[in-house]
Amino acid sequence: MQDYDPGAFPPFAVTVDLAVCTVREQRLHVLLVRRGEDPYKGAWALPGGFVRPRESAEIAARRELAEETGLSQRTVEHLHLEQLRTYSDPDRDPRMRVVSVAYTALLPDLPEPRGGGDAAHAQWMPLASASPLAFDHDRILADAYERIGAKLEYTCLATSFCPPEFTLGELQQVYETVWGVELDRPNFRRKVLTTPGFVEAVEGAPRRTGGRGKPAALYRAGAASALHPPLLRPEGRQS
């Protein structure tokens, strides 16, 4: 280590960015903050900030999420954040060389946020209205959306966005909202009911869905956490 000179290497900073999404009013929403400081003052951005010298990236991500959105520490500590990827283009931040570790999550029942830290305001925004964003956050959000869509293919996450007892139509609505596609009802029903542990029927009288036709049967989330086989997105059926 005697020949190692830290000053021989140009300094750079490490940041974290978070693409946190949820389903609200039958639309996919992303959590955004309006920047209160330069660069990009007044622009919408993903929550995030600089990693402190004695922090891991994940600890920094949870701290920044709490500071910039006003979500409680308890809420933030219990969120399941998934590391998305690292973004290291040399010119991604006009201040200096900045490498960002991005995290993503698709979560139900998140509260209304409020601004804090260097964020002037925070809110849930429909994903379709979330561009343009500051820095390279449009790219991060696009990557996060792809990861979230894939997560619904291989896990039972969609059931957490339904009531404790739900119809297959309600479950289908979650998939259509997140994927942005229109699904074939009989085919979706067949795939769900033949996937082991995905859902289980609720005994008792079925309820009506409000439309015409026979009452819809009720289901609850099954014991499985992963889908075997996966419920893959259809191709070429964009809504």
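Not measured: the values here are computed from a predicted model. (Residues numbered from 1 in each chain as written. Predicted model: local features only at pLDDT ≥ 70, side-chain atom pairs only at ≥ 80, totals over all residues. Heavy atoms only, no water.)

What follows deals with the overall build of the chain. Of the regular secondary structure elements, the chain holds five helices and nine strands. Expressed as lengths along the three principal axes of its C-alpha atoms, the size of the chain is roughly 75 × 40 × 35 Å. A total of 239 residues make up the chain; the buried ones form 44% of that total. Across the chain, the fraction of contacts at a sequence separation of at least 24, relative to all contacts at a separation of at least 6, is 67%. Of the roughly 13,300 Å² that the chain leaves accessible, carbon and sulfur atoms contribute 50%. Across the chain, the mean location of the 29 positive side-chain charges is 7 Å away from that of the 32 negative side-chain charges. (Helix = DSSP H or I, 4+ residues; strand = E, 2+ residues; numbered from the N terminus. Buried < 20%, exposed > 50% of the residue type's maximum accessible area, 1.4 Å probe, protein only. Contact = heavy atoms within 4.5 Å. Areas by Shrake-Rupley, 256 points an atom, 1.4 Å probe, with all protein chains shown as cover. Lys, Arg positive; Asp, Glu negative; His and termini not counted. Charge placed at Lys NZ, Arg CZ, Asp CG, Glu CD.)

Once that is clear, we can look at the environment of L106. Checked against the element boundaries, L106 lands in strand β6 (residues 98-106). When its relative accessible area of 7% is taken as the criterion, L106 is described as buried. Once the C-alpha coordinates of L106 and A158 are considered, the two residues, 52 residues apart in sequence, prove to be 9.5 Å apart. Residues within four places of L106 in sequence aside, it is in contact with C21, T22, L28, I148, L152, L157, F161 and V178.

Further remarks concern the packing of aromatic side chains. Counting across every chain of the model gives four aromatic pairs. When the ring of Y175 is compared with that of W179, the centres are 4.9 Å apart and the planes differ by 65°; the resulting orientation is edge-to-face. You can see Y175 and its partner W179 sitting in helix α4 (residues 168-179), four residues apart, about one turn around the helix. Its relative accessible area of 0% is what places Y175 among the buried residues. Accessibility expressed as a relative area gives 5% for W179, which makes it buried. One aromatic cluster is present, formed by Y175, W179 and F188 through successive ring pairs. One residue, R85, lies across the ring of Y87, its end atom 4.8 Å from the ring centre. (Phe/Tyr/Trp six-rings, centres within 6.5 Å; stacked < 30°, edge-to-face > 60°. Lys NZ or Arg CZ within 6 Å of the ring centre and 35° of its normal.)

Here we come to the packing of α4 against helix α5 (residues 185-194). Between α4 and α5, whose axes approach to 11 Å, the crossing angle comes to 100°. As judged from the angle between their axes, α4 and α5 are roughly perpendicular. Facing L168, L171, Q172 and Y175 of α4, the residues of α5 in contact are R185, F188, R189, V192 and L193. Split into classes, the residues belonging to the contact of α4 with α5 amount to six nonpolar, one polar and two charged. (Axes fitted to C-alpha atoms, helices over the stretch in contact; angles between N-to-C directions. Parallel < 35°, antiparallel > 145°, perpendicular 65-115°, else oblique. Nonpolar A, V, L, I, M, F, W, Y, C, P; charged D, E, K, R; others polar.)

Turning to the side chain of T15, a few remarks are in order. Mapped onto the elements of the fold, T15 is located in strand β1 (residues 13-24). T15 sits in the buried class, given a relative accessible area of 6%. Setting aside residues up to four positions removed in sequence, T15 forms contacts with G49, F50, V51, R92, V98, V99, S100 and V101.

What follows deals with the nonpolar core. Grouped together as the largest cluster of nonpolar side chains are 40 residues, with contacts concentrated most on L32, L106, L152, L171, Y175, W179 and F198. Every element with two or more residues in this core is listed here: β1, β2 (27-35), β5 (82-87), β6, α3 (137-154), α4 and α5. Leaving out residues up to four positions away in the same chain, L152 has contacts with L106, L157, A158, Y175, V178, W179, L227 and L231. Judged by nonpolar contacts, the second largest core, of 19 residues, contains A60, L79, Y103 and W124. (Core = buried A, V, L, I, M, F, W, Y, C linked by side-chain atoms within 4.5 Å.)

A few words now on the pairing of β2. Burial analysis of β2 places seven of its nine residues in the buried class, the great majority of the element. Judged from the four bridges that link them, β1 and β2 form a sheet pairing that is antiparallel. Looking at the pairing, R24 lines up with R27 of β2. In textbook terms, the turn of a hairpin is the stretch between consecutive antiparallel strands, and for β1 and β2 this stretch comprises two residues, one of which, E25, has a positive phi near 55°. Bridge analysis of β2 against strand β3 (residues 44-45) gives two bridges, and the strand direction is antiparallel. Following the sheet pairing, R34 is matched in β3 by W44. (Pairing = 2+ DSSP bridges.)

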